[in-house]
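# Summary of structural features
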Amino acid sequence: MINPKIIPLNITGDLNQINYSIDSFKDMREGNFLYIDKTKMIDDILTFDKSKVVLFTRPRRFGKSLNISMLRYFFDMAESSAELFKGLYIENSEFFKTHLNQYPVLYLNFKNVKTDILADLNQGIISCLQTESQKLYNTYHYEELMEISFKAESGGVNPLGAEEITRILCEKTGKKVIVLVDEYDSVINRAYGTDGWKQATEIIKGLFGALFKSNEYLEMGVLTGVSKIGKELGFSDMNNLAVYSLTRKRYYEYFGFTEDEVKELLNRYGIEITDEFYRMYNGYRFKGTPNMFNPASILKFLDEFQDTRDICPAPYWVNATVNHILTDNIAKQNAEFKDELLTMLSGETIIESVFDSIDYNMLHNPAHMFSLMIDTGYICPVQRIGGDKFELKIPNEEVLYGYKGMIGLIADTDEGMLKTLCTNLTSANAEKFEETLNKILLSVSSFHDFSEKENSYHNLVMGALLYLMGSFTIFSNREAGLGRYDIALFPIEHPKNEYRPIIIEFKAARGKAQCSYDDLAALATEALEQIKSKKYAQPNENAYSHAAAHESAYGKKHAHAYKPEDFMLIGIGAQGKQCAVVSNF
């Protein structure tokens, strides 16, 4: 049963004190930094979760480290922390007096083990254990803590050393130990693709087996990470483990900011939420859950607003999130996977199988790859269709920016040609646009047969147009005039942005033998005439009011009602790996 209580909205701290990089709950509270109360998570864990070990997986920058630090200061008997929780939800919980500072805590953070060389990796993990053991000794003064050997005779890591810490703490304090591990998978992810990856997984598997699998001194274990790496770490053998990922509803509101929290935050700064803001940051949601926002992005937006009074939303998340495992494996995927990914980049959803546990040896399998992309935040599950089938989408424009450097890999073509295609378009050179698009079609190896797939051309061009993000707002398959256009681009208003709005329509030859160029040109003309006859470029309240009201670099709204003659119109007729382009410029 999910907690029926609604999390209360409680924003604390100084509005002028914004820090989006603090991972320490103590530093956050003592520094009086802006903080949205997530302490009801403690209440929920103690009330509803009976699992011995809990794993929370979320993308980078979603507050995992801050939450696990919150748990640390709440449970740890090493110091009194009642003042840190003053005025927060948990202070009024029945568990406050019975669980606050009542347990010895072993806290491990693998985020700082930053090497993929095996010898250094071993030493990094050993140093992590030694550092925590030293801190515990400084607190409890148990000599036995300094006698533990974390180094195996082979030179590797002795996994039983960590279990020995819990034994000593339990026997000396008379209470079982809470073990917290932050960024548990960072070591493995860093070692992926190197000679030390297999050994790294064996180290972590042995360590976690000793700590969590059959540790009689364990009260509770909580881990955070990006993915559940099942097979390699033996998690599938742990029947005491509960995993809460983006496809689970429980605990959803504690990682990230809810829509209500964001609205209240912006209201306190006197900022009105715009369509541009929603398109940039909104979109992390699962059916039945609130809309969620990346907290780091929202805080960076507010921090920048304080300095510049600029309310133009900018992409921050992608600059803090680079996943080499993702980029290494996209190029190895089959044509169907890449076509589906391009479909999502075009603003559509797909239905695919995903798993709650990733096998890194199976990333050539699209289901495992889509699962990894969900965990890393590049794809969002909208709803479960049935079994392991989910409806999937790209969360928002901020994440779309993260794909800009991968379009060449996804489309199986030269990145330079895709950028040239965009230049041809914005410079109104229809002849060069057609020439470059034909070169791209010839080079694309992932699509075996374009002949009757209009969406394939649409998705390929839409993917290329991501290079224009920042200069244009790009829409796909939206209602306008008397129908639905394929692609529309609206210039983002800026003193140096002199681009015109653009509408593109596709027509693919269906059920025909090999078409001549004249046949394709006739199809392109038909597409162009459809734009005109369906009045896609006709301004109307539903179609363009939100697209044309852009915020300038100075934070002022400028409603611009485009006239039909302002638009560049492009019709594309295509069959197989050739096309013709007709335009009004």
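The structure under discussion appears in the preceding block.
Computed from a prediction, not measured in an experiment: that's the story for all the values here.

### Observations regarding the sheet that holds strand E12 (residues 389–393)
With antiparallel pairing, the three strands of this open sheet are ordered in space as E10-E12-E11. Each edge of the open sheet is held by one strand with a lone partner, namely strand E10 (350–353) and strand E11 (380–386). Taken over all neighbouring pairs, the strand axes of this sheet differ in orientation by 35 degrees on average, direction set aside. Two strands pair when backbone bridges link them, and E11 and E12 are joined in this way by five bridges, in the antiparallel orientation.

### Considering the pairing of strand E21 (residues 578–583)
Summarising the sheet, strand E20 (residues 568–575) and E21 pair through six bridges and their orientation is antiparallel. Paired with Ile572 across the strands is Val581, a residue of E21. Here E20 folds back onto E21 in antiparallel fashion, the turn holding two residues, of which Gly576 has a positive phi close to 55 degrees.

### Comments concerning the packing of helix H18 (residues 415–426) against helix H19 (residues 430–443)
Close contact between H18 and H19 brings their axes to 8 Å; oriented N to C, the two are set at 160 degrees. Put simply, H18 runs roughly antiparallel to H19. Judged by the sense of rotation from one axis to the other, the crossing of H18 with H19 is left-handed. Contacts from Met417, Leu418, Thr420, Leu421, Asn424 and Leu425 of H18 reach H19 at Lys432, Phe433, Thr436, Leu437, Lys439, Ile440 and Ser443. Across the contact of H18 with H19, the residue classes tally to seven nonpolar, four polar and two charged.

### Describing the packing of aromatic side chains
Considering all chains together, one arrives at 30 aromatic pairs under this definition. Arranged with centres 5.7 Å apart and planes meeting at 80 degrees, the rings of Phe25 and Tyr35 form a pair that is edge-to-face. One end of the pair, Phe25, is in helix H1 (residues 25–30); the other, Tyr35, is in strand E2 (residues 35–36), with 10 residues separating them in the sequence. Of the two residues, Phe25 and Tyr35, both sit in the buried class. Here Tyr192 and Trp197 contribute two aromatic rings whose centre-to-centre distance is 5.7 Å and whose plane-to-plane angle is 90 degrees, an arrangement assigned as edge-to-face. For Tyr192, a relative accessible area of 14% puts it in the buried group. Trp197 gets classed as buried once you look at its relative accessible area, which sits at 12%.

### Remarks on the nonpolar core
One finds Phe110 and Tyr403 to be the most contacted residues of the largest nonpolar core, which totals 140 residues. Considering every element that reaches this core, the biggest residue donor is helix H8 (residues 197–213), with eight residues. Residues contacting Phe110, with those up to four places away along its chain left out, are Ile125, Cys128, Val181, Asp182, Glu183, Tyr184, Ser186, Val187, Arg190, Ile204, Leu207 and Phe208.

Conventions used here
- Residues numbered from 1 in each chain as written.
- Predicted model: local features only at pLDDT ≥ 70, side-chain atom pairs only at ≥ 80, totals over all residues.
- Heavy atoms only, no water.
- Pairing = 2+ DSSP bridges.
- Helix = DSSP H or I, 4+ residues; strand = E, 2+ residues; numbered from the N terminus.
- Axes fitted to C-alpha atoms, helices over the stretch in contact; angles between N-to-C directions.
- Parallel < 35°, antiparallel > 145°, perpendicular 65-115°, else oblique.
- Left-handed = near helix turned anticlockwise from the far one by under 90°.
- Contact = heavy atoms within 4.5 Å.
- Nonpolar A, V, L, I, M, F, W, Y, C, P; charged D, E, K, R; others polar.
- Phe/Tyr/Trp six-rings, centres within 6.5 Å; stacked < 30°, edge-to-face > 60°.
- Buried < 20%, exposed > 50% of the residue type's maximum accessible area, 1.4 Å probe, protein only.
- Core = buried A, V, L, I, M, F, W, Y, C linked by side-chain atoms within 4.5 Å.

Spatial relationships are all this shows, so hold off on functional conclusions.
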